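Residue-level structure breakdown
Chain by chain, the residues run as shown.
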Amino acid sequence: QVQLAESGGGLVQAGGSLRLSCAASGRTLSPYAMAWFRQAPGKERDFVATIRGSGSNTYYADSVKGRFTISRDNAKNTVYLQLNSLKPEDTAVYYCATRFGGAWPVIEGNQYAYWGQGTLVTVSS
């Protein structure tokens with residue numbers, strides 16, 4: 001089994017930055033893609049970013065491209081999401097997820113088998 005635990009959320013002013021972390025346990029995730037999704041209040045869950053197991057390739061939603069950066073440290077079994085130039089519309093619960101399939105990039109949430117509990121990011125205007 002895989003357990004994922006996000007941290008790093010909080011309240012930040014528009015234009016500010018945060019770094020989210022997702023620590024994995026139960027299995028080494030270095031061979032597998034990791035992804036971040038988010039769900040704003042009253043809205044559906046949206047894809048944010050994904051990174052290959054090696055960390056060599058990344059893929060972003062258009063809404064965050066150029067502002068957010070996904071990275072990973074396989075030695076720590078951890079994936080990160082750096083959030084810069086935050087906007088009020090970035091307010092959401094952010095979730096990390098992983099899947100064991102080989103396809104990439106996969107942006108559909110229902111293709112991911114393992115999820116963390118989420119961390120709340122609130123951006124004030």
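Above this note sits the structure.
Conventions used here
- Residue indices follow the written sequence of each chain, beginning from 1 at its first position.
- Only residues with pLDDT of at least 70 are given local features in this predicted model, and only at 80 or more are side-chain atom pairs given and counted; all residues enter the totals for whole chains, interfaces and linings.
- Side-chain measures here rest on the full set of heavy atoms in the structure, leaving out hydrogens and waters.
- Secondary structure is summarised from DSSP: a helix means a run of H or I of at least four residues, a strand means a run of E of at least two, and numbering begins at the N terminus for each.
- We take the radius of gyration over the C-alpha atoms and set the globule estimate at 2.2 Å times the residue count to the 0.38 power.
- Burial status follows relative accessibility: with a 1.4 Å probe on protein chains alone, a residue under 20% of its type maximum counts as buried, one over 50% as exposed, and anything between as partly exposed.
- We call two residues in contact when some of their heavy atoms are within 4.5 Å.
- Here the Shrake-Rupley method, with its probe set to 1.4 Å, supplies the accessible areas, and only the displayed protein chains count as covering residues.
- Within this scheme the basic residues Lys and Arg register as positive and the acidic residues Asp and Glu register as negative, but His and the chain ends are omitted.
- Throughout, a charge is located at the NZ atom of Lys, the CZ atom of Arg, the CG atom of Asp or the CD atom of Glu.
- Here a cavity denotes grid points, spaced 1 Å and computed from the protein atoms alone, that fit a 1.4 Å probe unable to get out, and a pocket denotes an open set having protein on both sides within 12 Å along at least 5 of 7 lines; residues with an atom within 4 Å of a point are the lining.
- Grid points are joined across faces, edges and corners, and a volume is the space filled by probe spheres set on the points.
- Following the grouping adopted for this structure description, the nonpolar residues are Ala, Val, Leu, Ile, Met, Phe, Trp, Tyr, Cys and Pro, the charged ones are Asp, Glu, Lys and Arg, and the polar ones are all others, Gly among them.
- Our working definition of a disulfide is a cysteine sulfur pair at a distance within 2.5 Å.

1. Some remarks on the overall build of the chain
- For the chain, the helix and strand inventory stands at 0 helices and 11 strands.
- Sequence-ordered secondary structure for the chain, helices as α and strands as β, is β-β-β-β-β-β-β-β-β-β-β.
- Relative to the globule expectation of 14 Å for 125 residues, the C-alpha radius of gyration of the chain, 13 Å, shows essentially globular dimensions.
- Taken along its principal axes, the extent of the C-alpha atoms in the chain is 40 × 25 × 25 Å.
- Burial statistics for the chain: of 125 residues in total, 46% are counted as buried.
- Sequence separation of 24 or more characterises 59% of the internal contacts of the chain that already satisfy a separation of 6 or more.
- Total accessible area computed for the chain in this model is approximately 6,200 Å², and 46% of it derives from carbon and sulfur atoms.
- Counting 12 positive and 8 negative side-chain charges, the chain places the centres of these two groups 6 Å from one another.

2. Some remarks on empty space enclosed by the protein
- Applying the stated rule across the entire model yields 1 cavity of 30 Å³ or more.
- Roughly 50 Å³ of volume is contained in the largest cavity.
- If you trace the largest cavity, you find it lined by Cys22, Ala24, Leu29, Met34, Arg72, Asn74, Asn77, Thr78 and Val79.
- Here the lining of the largest cavity is composed, by residue class, of 5 nonpolar, 3 polar and 1 charged.

3. Topic: the state of the cysteines
- Under the defined criterion, the tally for this structure stands at 1 disulfide.
- Note that Cys22 is cross-linked by a disulfide to Cys96, the S-S spacing being 1.9 Å. Looking along the S-S bond of the Cys22-Cys96 disulfide, the torsion reads about 55°, which is the right-handed sense. Of this pair, Cys22 sits in strand β3 (residues 18-25) while Cys96 sits in strand β9 (residues 92-98), and the two are 74 residues apart along the sequence. Summarising the burial analysis for this pair, Cys22 and Cys96 share the class buried.

4. As for unusual backbone geometry
- That bond from Trp104 to Pro105 is cis: its omega, -5°, falls within 30 degrees of zero.
- Take Pro105: it is sitting in the loop between β9 and β10 (114-115).
- The phi dihedral of Asn77 is positive, around 55°, even though this residue is not glycine.
- Accessibility expressed as a relative area gives 16% for Asn77, which makes it buried.
- Phi at Ser85 takes a positive value of approximately 50°, unusual for a residue other than glycine.
- Overall, the relative accessible area of 41% leaves Ser85 in the partly exposed class.

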